[in-house]
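Report on the structure
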Amino acid sequence: MSSHPAIAVLDVGFVKHPDLPARRVIACRDVTGRRVVPFRYGDPRSFAEHGTRTMLLAAGDGHGSGLVSPSPRGRVVLVKVGQGHRVPRQAIVRAFRWVLARGAAYGIRVVLCPFGDDPERRGERSEIPSLVRALDERRIVVVAAAGWDPEGACVSPASSPHAIGVGGWDVEAKRPARGPRVGVVGGVLKPDLLAPAVPLVVPSMDGRHQEKAGGTSFAASLVAGAALALVSKDPRLDREGVLVLFTGAARRIPGQPPALDLRALFRLGIPVRRAD
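Just so you know, these numbers come straight off a predicted model, no measurement behind them.

**So, the packing of helix H1 (residues 49-59) against helix H4 (residues 216-233)**
Where H1 contacts H4, the two axes come as close as 7 Å, and the packing angle between them is 35°. Between H1 and H4 lies a crossing whose hand is right-handed. Between H1, through His 50, Arg 53, Thr 54, Leu 57 and Ala 58, and H4, the contact on the second element is made entirely by Ser 217, Phe 218, Ser 221, Leu 222 and Gly 225. Of the residues that constitute the contact of H1 with H4, the class distribution is 4 nonpolar, 5 polar and 1 charged.

**Description of the packing of aromatic side chains**
Remark: the centre distance and the inter-plane angle together describe each pair of aromatic rings, the angle taken between the planes. Tallied over the full model, the rule gives 2 aromatic pairs. Pairing Phe 14 with Phe 39 gives two aromatic rings, centres 6.5 Å apart and planes at 5°, and the pair type is stacked. Taken together, the positions of Phe 14 in the loop between strand S1 (6-11) and strand S2 (25-30) and Phe 39 in the loop between strand S3 (37-38) and H1 put the pair 25 residues apart, joining distant regions of the chain. Assessed through its relative accessible area of 17%, Phe 39 is described here as buried.

**Here we look at the pairing of strand S7 (residues 164-170)**
Most of S7 is tucked away, with 7 of its 7 residues classed as buried. Both strand S6 (residues 141-145) and S7 contribute to a ladder of 3 bridges, which runs parallel. Residue pairing in the sheet places Ala 145 in a bridge with Val 166 of S7. Pairing analysis gives 2 bridges linking S7 to strand S8 (residues 175-176), with the strands arranged antiparallel.

**A short note on the environment of Val 171**
Within the element layout of this structure, Val 171 appears in the loop between S7 and S8. The partly exposed category is assigned to Val 171, whose relative accessible area is 25%. In the structure, Val 171 is positioned 29 residues away from Leu 200 in sequence and 7.9 Å away in space, judged by C-alpha atoms. Apart from residues lying up to four places away in sequence, Val 171 is in contact with Pro 196, Val 198 and Pro 199.

**Side note on the pattern of salt bridges**
Two side chains bearing opposite charge may form a pair once their charged atoms approach each other closely. Under the criterion given, the structure shown has 14 salt bridges. With its nearest N and O atoms 3.3 Å apart, the salt bridge here joins Arg 53 to Glu 49. With a gap of 4 residues between them, Arg 53 and Glu 49 both fall in helix H1, about one helical turn apart. The salt bridge partner of Asp 118 is Arg 86, with a shortest N-O separation of 3.1 Å. You can see Asp 118 sitting in the loop between strand S5 (108-113) and helix H3 (128-137) and its partner Arg 86 sitting in the loop between strand S4 (75-80) and helix H2 (89-106), a full 32 residues away along the chain. Taking the relative accessible area as the measure of exposure, Asp 118 reaches 23% and is therefore partly exposed. When salt bridges that share partners are traced, they join Glu 49, Arg 53 and Glu 211 into one network.

**Things to note about a nonpolar patch on the surface**
Taken together, the side chains of Val 182, Val 184 and Leu 189 define a hydrophobic patch exposed on the protein surface, amounting to about 240 Å² of accessible area. Examined against the element boundaries, Val 182 turns out to sit in the loop between S8 and strand S9 (183-185). Overall, the relative accessible area of 31% leaves Val 182 in the partly exposed class.

**Brief notes about the side chain of Arg 109**
Within the secondary structure layout, Arg 109 lies in strand S5. A polar side-chain atom of Arg 109 sits 2.9 Å from the main-chain carbonyl oxygen of Arg 139.

**Here we look at the pairing of S1**
As a general feature of sheets, a regular strand has side chains that alternate between the two faces. Counting buried positions along S1 gives 6 out of 6 residues, so the element sits mostly inside the fold. Going residue by residue along S1, you find Ala 6, Ala 8 and Leu 10 tucked away on one face and Ile 7, Val 9 and Asp 11 tucked away on the opposite face as well. In this sheet, S5 lies alongside S1 in parallel orientation, the contact comprising 4 bridges. Among the inter-strand pairings, Ile 7 is bridged to a residue of S5, identified as Val 110. Across 6 bridges, the pairing between S1 and S4 is parallel. Bridged to Val 9 within S4 is Leu 78.

The rules behind each value
Residues numbered from 1 in each chain as written. Predicted model: local features only at pLDDT ≥ 70, side-chain atom pairs only at ≥ 80, totals over all residues. Heavy atoms only, no water. Axes fitted to C-alpha atoms, helices over the stretch in contact; angles between N-to-C directions. Helix = DSSP H or I, 4+ residues; strand = E, 2+ residues; numbered from the N terminus. Left-handed = near helix turned anticlockwise from the far one by under 90°. Contact = heavy atoms within 4.5 Å. Nonpolar A, V, L, I, M, F, W, Y, C, P; charged D, E, K, R; others polar. Phe/Tyr/Trp six-rings, centres within 6.5 Å; stacked < 30°, edge-to-face > 60°. Buried < 20%, exposed > 50% of the residue type's maximum accessible area, 1.4 Å probe, protein only. Pairing = 2+ DSSP bridges. Salt bridge = Lys/Arg side-chain N within 4 Å of Asp/Glu carboxyl O. Patch = residues over 30% accessible without salt bridge, like charges linked within 9 Å, V, L, I, M, F, W, Y side chains within 5 Å. Areas by Shrake-Rupley, 256 points an atom, 1.4 Å probe, with all protein chains shown as cover. Polar contact = N/O pair within 3.5 Å; in protein donor to acceptor, adjacent residues only side chain to side chain.

Purely spatial values, then, with no claim about function.
Following this line, the structure appears as structure tokens:
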């Protein structure tokens, strides 16, 4: 197993960016077909704006944009799990299985899932909850966005007690952003945390300036990058240990999950340079 922790970023595609040099991208895999195949970082066929945002919010070094993520020196594995706005369940299953089989070889300690599973229909069960549990047993911290369901439910895998589910915080309004309802799922309050979601300053796609964007997936990206920073400092940490540190540093909000902001990250020894 590699002694240098890495984060696996699952998303619909990625763009080679000045804020994430190729030397830190240690593997790229496409799981959208029946077989898991490699792809090249920067391949135009893997282009997607959303995945570029999430990988940079988690692990960008700010070389071009000046926006430094929580893990600016972390190693990154990019996993393409969909096309456009569609992430099918079977692609998530293939991605999780691949991390279980190959994650130790790449030192993967954090998995970022900025999306949710499809709703389960009557008579069918998703394999994703059991895979998240298996990843957690391997001390791989799964961080997932909680806010994809139009009905407001906290969706899988964020709803799993074996994952850190992240809701959004409105930076300007200073209140929870629109997203999943807070509730008890399987005896656990979900989502586990709130993190800055809207509006967020993000690197432009060419890395030359900054833009504004937002969403729960970006909040999850910041938390995943911070989780990588923590396990890089203390490899003994697992999901429970990471969550204890997060909640201990976060602000308490009545009736809401703890809110993890940039001040909380600073208290944890994770300096982040942002403009929001």
